[in-house]
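Survey of secondary and tertiary structure
Each chain, letter by letter, is given below.
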Amino acid sequence: MTNRHIVFIAVVVTFLITSLAWVGIGFAGYHLYTSPPPNFEVVVDTPEVVTLGEEFSLTLSVKGSNGGELNLESIDLYRDLLDGFEILSVHPKPDAAAGYEDFLTYYCGTASGSSSEFTLTIMLKAKEVGDWGGEIDCCTPMMNYLTNYTEISVVEP
């Protein structure tokens with residue numbers, strides 16, 4: 001076999017692999033773009049204003065639409081919201097937690113299970129004066145999500 005044949009075979013194989021990769025990326029993008037919205041509703045309950053050093057709760061109530069089964073995998077809390085606070089506790093304890101540059105993720109798939117309701121309570125302590133606001137995303141296993149923007153002001157006592 002000559003070098004030309006080897007080069008030709010390498011070009012054909014590379015073309016086929018690259019083409020299949022682009023088809024896969026296109027299929028995944030189409031699926032994510034056209035997939036239905038999450039089958040749940042989210043309510044965030046927290047005070048709008050707290051004093052420096054105060055301990056309080058941020059409660060997320062996630063309910064399946066029309067009483068249906070909840071399909072919740074994780075909750076992402078963005079650092080823009082969390083930076084002014086110390087996290088004291090999380091209840092129920094998540095299956096796992098992961099910290100990323102821009103957000104903190106609590107994985108709660110097992111806790112949400114096949115129920116139609118899930119509540120996550122995070123106890124916080126105000127550690128810095130200012131206005132702290134950011135997104136909270138509640139995500140399905142297929143990475144569909146609902147976003148709530150929450151803002152909490154911390155004032156001097």
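In the block above lies the structure referred to throughout.
The structure reproduced in this document is the subject of the present report.

Rules and cut-offs
Residues numbered from 1 in each chain as written. Predicted model: local features only at pLDDT ≥ 70, side-chain atom pairs only at ≥ 80, totals over all residues. Heavy atoms only, no water. Helix = DSSP H or I, 4+ residues; strand = E, 2+ residues; numbered from the N terminus. Buried < 20%, exposed > 50% of the residue type's maximum accessible area, 1.4 Å probe, protein only. Polar contact = N/O pair within 3.5 Å; in protein donor to acceptor, adjacent residues only side chain to side chain. Pairing = 2+ DSSP bridges. Axes fitted to C-alpha atoms, helices over the stretch in contact; angles between N-to-C directions. Core = buried A, V, L, I, M, F, W, Y, C linked by side-chain atoms within 4.5 Å. Contact = heavy atoms within 4.5 Å. Phe/Tyr/Trp six-rings, centres within 6.5 Å; stacked < 30°, edge-to-face > 60°.

1. Quick notes on the side chain of T46
Looking at the secondary structure, you find T46 in the loop between β1 (40-45) and β2 (49-51). Residue T46 is classed as buried on the basis of its relative accessible area of 17%. For T46, the side chain forms a polar contact with the main-chain oxygen of S57, separated by 3.3 Å.

2. As for the sheet that holds strand β4 (residues 74-78)
One open sheet holds the six strands; their spatial order is β2-β10-β9-β4-β7-β6, and the pairing between them is mixed. At either end of the open sheet lies a strand with only one pairing partner, and these are β2 and β6 (96-99). With direction set aside, neighbouring strand axes in the sheet form an average angle of 25 degrees. Relative to strand β10 (residues 145-155), strand β9 (residues 130-139) is paired through ten bridges, and the arrangement is antiparallel. In the strand pairing of β10, G130 is matched with V154.

3. Considering the nonpolar core
Counting residues in each nonpolar core, the largest one holds 28 residues, and the members touching the most others are L60, L72, I75, F85, L120 and C138. When residues of this core are assigned to their parent elements, the largest contribution, five residues, is made by strand β8 (residues 117-126). Non-local contacts of I75, meaning those with residues more than four positions away in its chain, are made with L60, L104, T105, Y106, C108, F118, L120, I136, D137 and C138.

4. Let's talk about the packing of aromatic side chains
Summed over all chains, the structure comprises three aromatic pairs. Taken together, a centroid distance of 5.2 Å and an interplanar angle of 45 degrees make the contact between Y78 and F103 tilted. Residue Y78 is located in strand β4, and its partner F103 is located in strand β7 (residues 103-107); the two are separated by 25 residues in the primary sequence. Judged by centre distance (5.0 Å) and plane angle (40 degrees), the ring pair of Y100 and F103 falls under tilted. The class of Y100 is partly exposed, set by a relative accessible area of 37%.

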